[in-house]
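# Remarks on the overall topology
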Amino acid sequence: MAADKADAEKEKREKIDLIMKRKEEHIKICLDQPVQAKNVRTLFSDVRLLNNSLPEIDFDDIDTGTEFLGKKFSAPFMVGAMTGGAEMAKRINSNIGEAVEKLGLGMALGSQRAALYDPVLEETYTIARKKAPNAFIGANIGGAQISTGMKIEDIKKLVAMVDANALYVHLNPAQEIVQPEGEAKYRNVLEGIRAIVKSVGKPVVAKEVGFGISPMVATQLEKAGVSAIEIAGMGGTSYAAVEWYRAKAMGMADKMDLGSILWDWGIPTAASLYMIRKHSKIPIVASGGIRTGMEIAKAIAMGASLTAMALPVLRPATESADSVQKFIEKIILELKSVMFLLGAKNIGELRKTPYVITGELATWKEYADKREL
Ligand SMILES: Cc1cc2nc3c(=O)[nH]c(=O)nc-3n(C[C@H](O)[C@H](O)[C@H](O)COP(=O)(O)O)c2cc1C
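Thresholds, definitions, all that
Along every chain, residues carry numbers that run from 1 in the direction the sequence is written. Only residues with pLDDT of 70 or above have their local features reported here, since the model is predicted, and side-chain atom pairs are shown and tallied only from 80 upward, although totals for entire chains, interfaces and linings are computed over all residues. Secondary structure counts use DSSP, requiring at least four H or I residues in a row for a helix and at least two E residues in a row for a strand, with both numbered from the N terminus. Whether a residue is buried, exposed or partly exposed is read from the other C-beta atoms within 10 Å of its own C-beta, which are placed from the backbone; 20 or more gives buried, 12 or fewer gives exposed, and intermediate counts give partly exposed. With C-beta atoms placed from the backbone, a contact is any residue pair whose C-beta atoms sit within 7 Å. It is the directions from the helix axis to the C-beta atoms whose arc is reported. A strand pair is defined by DSSP finding two or more bridges across the two strands. When the strands point away from the viewer, a crossover counts as right-handed if the route from the first strand across the helix to the second turns clockwise.

## Some remarks on the overall build of the protein chain
From N to C terminus, the protein chain includes 17 helices and 12 strands. With 373 residues in all, the protein chain has 50% of them scored as buried. Restricting to contacts in the protein chain with at least 6 residues of sequence separation, those with at least 24 account for 80%.

## Re helix α8 (residues 189-199)
Every buried residue of α8 is accounted for by Val-189, Gly-192, Ile-193, Ile-196 and Val-197. For α8, the buried positions fall inside an angular range of 140° around the axis, keeping them on one side. Seen from the open side of α8, the exposed residues pointing more than 90 degrees away from its buried face are Glu-191, Lys-198 and Ser-199. Taken together, the buried residues of α8 touch α5 (143-147), α6 (152-161), β7 (166-170), β8 (204-207) and α9 (215-223). Positive backbone phi, at 80°, marks Gly-201, one or two positions downstream of α8.

## Brief notes about the pairing of strand β10 (residues 284-287)
Here β10 shows no split at all, with Ile-284 and Ala-286 on one side and Val-285 and Ser-287 on the other all buried. Alignment of strand β9 (residues 228-230) against β10, held across 2 bridges, turns out to be parallel. In the sheet register, Glu-230 faces β10, and the bridge partner there is Val-285. Bridge analysis of β10 against strand β11 (residues 306-309) gives 3 bridges, and the strand direction is parallel. Following the sheet pairing, Ser-287 is matched in β11 by Ala-308. Between β10 and its parallel partner β11, the chain crosses via helix α13 (residues 293-301), and the hand of that crossover is right-handed.

Rendered as structure tokens:
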């Protein structure tokens, strides 16, 4: 009996160590290696906004404030889900939390599974709420955990742990299939999401991790009751790339080959945004390769409610809250500048700004415009 208990304890410890190691590797790889899409783009460069030489407003008149899931944001921007569950992650979440609190924005946490196994790891997530008592914070679990039977009580525990404003469910089959120890288990995820929506007591946001969401999947998720969709489309961080580096370090040639062919896999962010907006009214967070305030302006004009960036915030977040704040302020200044050049005084006006679709994105538009879902 005692031996059984010791074995179970050992197995649990090994699981925790593996998760912590993986989280640290993800952070280090994203800091040190080129992990973004190689030969493909978000396609925001195919969206053109019309310069307004008579904006009839002063720069200082511009108000970037908006609302998302009932919460006020000073700008249509949040820091995308990244981390937790490792020592480095605690500092990162602390710095991001402090910065978004000061700026009146929000953040999503990385996958919280680790916190269920080991209460000591809780702090690497709860630090964000401690530093951001008022900001929007998203809790986070993965589709694979839903498929493998994560209990609703545990999900509620993770939400309560950070007093989350919403629960993010990340859908990452392409990552799981490349990840050396990945769980390519995606049966019954939609049904699980439907059950979670009914019982978790907070809005549920479904997100990808960099491969984009199709309009068909968006419609399924909307019908399942999710409150918003975060695209996390192709053109920015590629999780096939991140796992390729891990497979390389482990000498797993087959996983490396898979990582190579899936490196640029996915739906370009602007294409995903156009297609989902065309077929659904659900609030959309545009993300995946958003790097400038100009791209934020384009995403809002195309119908996104909010935007998110992950990778560009990572390095500043390893430095200080101040570095994160400065980086985000620069991005918001860019957004405001573009709004000035469009004569858009507020986000409502930015939503109505005309835009032209060119290049490859026009092909996606044609596909979406013709298609009945
Ligand atoms: C270091 C790092 C860790 C991440 N971990 C998670 C995670 O735990 N859960 C999740 O939903 N997404 C995670 N992501 C994906 C991001 O939320 C985002 O969808 C993706 O990186 C695309 O945005 P980007 O191009 O701005 O980085 C992570 C991204 C990075 C860079």
